[in-house]
Amino acid sequence: MEITCILIKKIISLLIIASMGIVLVKKNIVEAEDSKVLSSISVKLIMPCLILSSFQIELTKEVKTGMLLSLIAAVIINVGWIIITKIDAPIFKLSNVDKLSIIYSNAGNLVIPLVTATLGTEWLIYANVFLAVQMLLLWSHGKNVLCERRKHNFKTIFCNINIIAIIVGTICMLIGIKFPYPIQDALNSIGTMVGPTAMLIIGMMIADCELKGILTDYHIWLVSFLRLLVYPLIALLFLKFLLFKINIPNEDEILLITFLACITPSASTITQMAQLYGKDTEKASAINVLTSILCIVTMPVSVYLFRYINL
């Protein structure tokens, strides 16, 4: 029950930060448009720092095995969700923002602080394996879907600062390069800003939205239902199958971390990307806010099912 209580507290904390962003705009302290600057800082500085710092670990045999399990699970789940969404899209009349909001979760903003609080920083690497897979897909598949491009521009993908951070971080981990303390401390300090910054951005943008319109829009509720209940259930069935088939040290904790990444609200990065590329920002932020509110209930229930339900 400890992880459930910490989870609820963390979600409420992030929603309070979002409400601060709303107050800043409503009281005319800042303009809603100022969130675009924060979005750029979050995507191009804070997230890369978080990625780099998380790969600064000792690569033992046990860690390698756990990372391989996390990688297999993350790839199958994310690719599976992309395929399922292609089938869902015409049935539920999903827009491009809808598709991405369903597929990509808020893994970085919620799972990293949650894992740190419950299991310890040494477990962050497994959360970041999922995050690395998601980042690669988000800035390739996700960007193409959002901008309605058919072909992948691999130069653009691998020149993206977040992808570069993943590659550099992986190389440093594999060959044992450790950053000097001042650099590592700076990366850690900036990286911890990812959750608060993302929620401030959401709050500032939602201050310009009509909240009543969000709560009465059945389509946003449909997207939230798919994001928080249907897709996590698919992931749960798959991960329970893996637990049944695989026997390695700490497999339950490793796959729990993967599952936590699957059950979070829609990715706040979608809102930031929509803002950067001028693509239906209001709807992206509305979905993010509603899923963030609803996950106070859905995430603890999902964790309970993972912990105590045997298939």
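It should be noted that the structure appears before, not after, this text.
Residues numbered from 1 in each chain as written. Predicted model: local features only at pLDDT ≥ 70, side-chain atom pairs only at ≥ 80, totals over all residues. Heavy atoms only, no water.

Asks: Looking at this structure, how should I read the nonpolar core?
Replies: In summary, soluble globular proteins display a tendency toward joint burial of nonpolar side chains. Counting residues in hydrophobic clusters, the biggest one holds 97 residues, and the most contacted among them are Tyr104, Ile125, Tyr126, Leu239, Leu255 and Phe306. It is helix α6 (residues 124-147) that contributes the most residues to this core, 15 residues altogether. Dropping the residues within four chain positions of it, Phe306 is found in contact with Leu236, Leu239, Lys240, Leu243, Asp252, Leu255, Leu256 and Phe259. (Core = buried A, V, L, I, M, F, W, Y, C linked by side-chain atoms within 4.5 Å. Buried < 20%, exposed > 50% of the residue type's maximum accessible area, 1.4 Å probe, protein only. Helix = DSSP H or I, 4+ residues; strand = E, 2+ residues; numbered from the N terminus. Contact = heavy atoms within 4.5 Å.)

Asks: For this particular structure, what's the right way to read the packing of helix α3 (residues 61-92) against helix α12 (residues 218-245)?
Replies: The description of two packed helices rests on the angle between their axes and on the distance between the axes. The geometry of α3 relative to α12 is characterised by a closest axis approach of 11 Å and an angle of 140° between their N-to-C directions. Relative to α12, the element α3 is oriented oblique. As α3 packs across α12, the resulting crossing turns out to be right-handed. Across from Leu69, Ala73, Ile76, Ile77, Trp81, Ile84, Thr85, Asp88 and Phe92 in α3, the residues of α12 making contact are His219, Leu222, Leu226, Arg227, Tyr231, Pro232, Ile234, Ala235, Phe238, Leu239 and Leu242. When the residues that make up the contact of α3 with α12 are grouped by side-chain class, the tally is 16 nonpolar, two polar and two charged. (Axes fitted to C-alpha atoms, helices over the stretch in contact; angles between N-to-C directions. Parallel < 35°, antiparallel > 145°, perpendicular 65-115°, else oblique. Left-handed = near helix turned anticlockwise from the far one by under 90°. Nonpolar A, V, L, I, M, F, W, Y, C, P; charged D, E, K, R; others polar.)

Asks: Could you clarify how one ought to interpret α6 in this entry?
Replies: Since one α-helical turn is 3.6 residues long, residues separated by three or four positions face the same way. The sharpest bend along α6 comes to roughly 40°, located at Leu138. Counting buried residues along α6, 23 of its 24 residues qualify, which places the element largely inside the surrounding structure. In the segment just after α6, Glu148 is the residue with positive phi, at about 60°. (Bend = angle between axes of the 7 residues up to and from the residue.)

Asks: Quick question: what am I supposed to make of the side chain of Thr85 here?
Replies: Locating Thr85 in the fold gives a position in helix α3. Here Thr85 is in contact with Leu94, Lys99, Ile103 and Tyr231, once residues within four sequence places are set aside.

Function cannot be read off these values alone, since they describe shape.
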